[in-house]
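# Residue-level structural notes
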Amino acid sequence: MEFEGVASIEAVRRDLEGAYFAQLRTNGRLTGPAEGAPVRLLFGQTGGSAEQRNHTVGQVLGARRAQRIVATATWRTAGPS
């Protein structure tokens, strides 16, 4: 993953910390037992080319039922738009 300066690295760090905190809260680790299945965070590097992205997306799609994947998110940190 390429970053354009410290500000971009900090933005990604804040996003990851926020996702982790939300996972803890949702799973009841901050307030007590939660109802329902626990939430897990899965991270994948999509790479810089269409071929790399297609490979990663294919892995997620192939695992979605076994891993009970219900949502995905992506963000761009650097590169041409």
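The shown structure was predicted, so the numbers you read here are calculated from the model rather than taken from an experiment.

### Regarding the overall build of the protein
Along its length, the protein carries 2 helices and 0 strands. Counting all 81 residues of the protein, 10% fall into the buried class. Put simply, of all contacts in the protein between residues at least 6 apart along the chain, 43% involve residues at least 24 apart. Surface summary for the protein: the accessible area is close to 6900 Å², and the carbon and sulfur share equals 54%.

### Some thoughts on the pattern of salt bridges
Counting across every chain of the model gives 2 salt bridges. In this structure, the salt-bridge partner of R13 is E10, at a minimum N-O distance of 2.6 Å. Of this pair, R13 and E10 both sit in helix 1 (residues 6-26), 3 residues apart, which is roughly one turn of the helix. When the shortest N-O distance is used, the salt bridge between R13 and E17 registers 2.7 Å. Separated by 4 residues within a single helix, R13 and E17 lie in helix 1, roughly one turn from each other. The structure contains a network of salt bridges with shared partners spanning E10, R13 and E17.

### Observations concerning the side chain of T56
With respect to the helices and strands, T56 occurs in helix 2 (residues 50-63). Once residues lying within four places of it in the same chain are set aside, the contact partners of T56 are Q45 and T46.

Parameters at a glance
- Residues numbered from 1 in each chain as written.
- Predicted model: local features only at pLDDT ≥ 70, side-chain atom pairs only at ≥ 80, totals over all residues.
- Heavy atoms only, no water.
- Helix = DSSP H or I, 4+ residues; strand = E, 2+ residues; numbered from the N terminus.
- Buried < 20%, exposed > 50% of the residue type's maximum accessible area, 1.4 Å probe, protein only.
- Contact = heavy atoms within 4.5 Å.
- Areas by Shrake-Rupley, 256 points an atom, 1.4 Å probe, with all protein chains shown as cover.
- Salt bridge = Lys/Arg side-chain N within 4 Å of Asp/Glu carboxyl O.

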